[in-house]
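# Summary of structural features
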Amino acid sequence: AYKNPAIEDDGIYLPKFGASEHVRVRDCQVKDFGGQGIYVGGSHVVIEANRVEDCEEWGIYVALGAVRCCVSKNSVKGCSTSGSLADGIGIYVLGDDCRVSDNFATVVNDTAGVGAYVAGLALNAARCAATGNNVNGLGTGGATLRGILFGNGSVGSCVAVGNHMNGEGFTD
């Protein structure tokens, strides 16, 4: 796939509605897309052991309305590079009741400006668990840096245990 500024092309796209239930995305390599590497909606979706590289938007995105998803053993590198993105995020989970474990995510974003976030993992959902993830990052331009970013007021009953956060400039 080729990056095209006129098209937000996602590598793997499972829409929020319809047949995106009980789906497994496993052992895929997604590289050089202009949108998200993997975009998932629906329920009971497993995103496992994938490699996502150099996508302009978020590496893995579990959309609002997704429930009971599992994101594990994935590698995300070099994503969130678009100059139009407000935030730079490796793995972004909005879906409820999700398990995020044993992932490796590196975000380098120097386009996110003041008021934005650069985060290896962002959880903005209810009843989520993040365990054993390794998140790394670097950002400039006035963005707030986070290893794991919990959402603004809509997060409930989430836990983060045994995660490793490395990187220049991470504050949390």
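For the structure itself, consult the block above.
Let us look at the structure shown here. (Residues numbered from 1 in each chain as written. Predicted model: local features only at pLDDT ≥ 70, side-chain atom pairs only at ≥ 80, totals over all residues. Heavy atoms only, no water.)

## Regarding the overall build of the protein
- Regarding its fold elements, the protein presents 0 helices and 18 strands.
- Counting all 172 residues of the protein, 50% fall into the buried class.
- Summarising the internal contacts of the protein: among those between residues at least 6 apart in sequence, 68% fall at separations of at least 24.
- Taken as a whole, the protein presents about 7700 Å² of accessible surface, with 50% of it coming from carbon and sulfur. (Helix = DSSP H or I, 4+ residues; strand = E, 2+ residues; numbered from the N terminus. Buried < 20%, exposed > 50% of the residue type's maximum accessible area, 1.4 Å probe, protein only. Contact = heavy atoms within 4.5 Å. Areas by Shrake-Rupley, 256 points an atom, 1.4 Å probe, with all protein chains shown as cover.)

## Focus on the side chain of Gln36
- Among the secondary structure elements, Gln36 is positioned in the loop between strand 3 (29-31) and strand 4 (38-40).
- Gln36 sits in the buried class, given a relative accessible area of 6%.
- If we ignore the near neighbours within four places in the chain, the residues touching Gln36 are Asp9, Asp10, Gly11, Cys55, Glu57, Trp58, Gly59 and Tyr61.

## Points about the sheet that holds strand 4
- Within the open sheet, the 6 strands sit side by side as 1-4-7-10-13-16. Their pairing is parallel. Looking at which strands have only one partner, the edges of the open sheet turn out to be strand 1 (12-14) and strand 16 (144-150). Recorded for the sheet is a direction-independent mean angle of 15° between the axes of neighbouring strands.
- Note: strand 1 against strand 4, 3 bridges, orientation parallel. (Pairing = 2+ DSSP bridges. Axes fitted to C-alpha atoms, helices over the stretch in contact; angles between N-to-C directions.)

## Some thoughts on the pairing of strand 13 (residues 117-123)
- With 6 of 7 residues buried, strand 13 lies mostly within the body of the structure.
- By the bridge criterion, 5 bridges tie strand 10 (residues 88-93) to strand 13 in an arrangement that is parallel. Across the sheet, residue Val93 finds its bridge partner in strand 13, namely Leu123.
- In the sheet, strand 13 pairs with strand 16 via 6 bridges, with the strands oriented parallel. Looking at strand 16, one finds that Ala119 is bridged to Arg146.

## Some words on the sheet that holds strand 8 (residues 70-72)
- The sheet built from 6 strands is open, its strands ordered 2-5-8-11-14-17 with parallel pairing. Looking at strand neighbours, the two that pair on one side only are strand 2 (24-26) and strand 17 (159-161), the edges of this open sheet. Each neighbouring strand pair of the sheet contributes to a mean axis angle of 5°, computed without reference to strand direction.

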